[in-house]
Amino acid sequence: MDVAPIRSRMALFGHPIHPMLIHFPVAALLGLIGTDIGYALTGDSFWARAGTWLAAIGMLGGWFSGLIGVLDLVLVREIRRLVIAWCHGIMAVMLLSLATLNWLLRLGDVEALIIPWGLYVSLLSGVMISITSFLGGQLVYDHAVGVAAEKSINRARRNEKIRNIEEDRLVD
């Protein structure tokens, strides 16, 4: 790794909290696409009710996880200096706005607006999740945000030993 790791201030026992939490709302919002398609194909109200719950879980979990991410952005100078961190944050706020809209569309009559608006917002959210996740991955893998320095050094040493062993085998 060519860059120095950037420690998360919002961490639990050295593990950044935002990446621990974000998987749950992402899974709920991606599952929402499936329930909307299920409702569109069958007209079964089960899919509409399940979608409402997934929309609520995705929205609430996303806002909570996003709050943790914003605190890291605000509290850690090295993260604030990364343009990609701001891009990730802006895309995440746009995604959370869509998730909130998607949940609000389902309040009251859970079936009324699923076709076409709920499905459209769910699909658009899926695209936004892809982009936002890509940017978040770049923060971790390209800029070492939330990566433990000592673990990175140990991993690099271990990988170097493995490469040396493999090269010795190839020479023999």
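Conventions used here
Residues numbered from 1 in each chain as written. Predicted model: local features only at pLDDT ≥ 70, side-chain atom pairs only at ≥ 80, totals over all residues. Heavy atoms only, no water. Helix = DSSP H or I, 4+ residues; strand = E, 2+ residues; numbered from the N terminus. Rg over C-alpha atoms; globule rule 2.2 N^0.38 Å. Buried < 20%, exposed > 50% of the residue type's maximum accessible area, 1.4 Å probe, protein only. Contact = heavy atoms within 4.5 Å. Lys, Arg positive; Asp, Glu negative; His and termini not counted. Charge placed at Lys NZ, Arg CZ, Asp CG, Glu CD. Salt bridge = Lys/Arg side-chain N within 4 Å of Asp/Glu carboxyl O.

Q: Before we move on, could you go through the overall build of the protein and cite the residues and values that matter?
A: A count of helices and strands for the protein gives seven helices and two strands. Traced from its N-terminal end to its C-terminal end, the protein shows the element sequence β-β-α-α-α-α-α-α-α. The C-alpha radius of gyration computed for the protein amounts to 20 Å, which surpasses the reference 16 Å derived for 172 residues by more than 25%, pointing to a less compact arrangement than a globule. For the C-alpha atoms alone, the extent of the protein along its principal axes is close to 65 × 45 × 25 Å. Looking at the protein residue by residue over its 172 residues, the buried ones come to 36%. Within the protein, residue pairs in contact and separated by at least 24 positions form 76% of the contacts whose partners lie at least 6 positions apart. Both charge centroids of the protein, one from 14 positive and one from 14 negative side chains, sit 9 Å from each other.

Q: Could you give me a rundown of the pattern of salt bridges, with the residues and numbers involved?
A: The final tally for this structure, using the stated rule, is two salt bridges. As a salt-bridge pair, Arg-106 and Asp-36 come within 2.7 Å of each other at their nearest N and O atoms. A residue pair is termed long-range when its members are at least 10 positions apart, and Arg-106 in helix 5 (residues 83-106) and Asp-36 in helix 2 (residues 23-42) qualify at 70 residues. Considered together, Arg-106 and Asp-36 belong to a single accessibility category, that of buried residues. Taking the shortest distance from any N to any O, the salt bridge between Arg-163 and Glu-160 comes out at 3.0 Å. Highlighted residues: Arg-163 and Glu-160, both in helix 7 (residues 149-171), separated by three residues, approximately one helical turn. Under the relative-accessibility criterion, Arg-163 is labelled partly exposed at 40%.

Geometric values such as these leave the question of function open.
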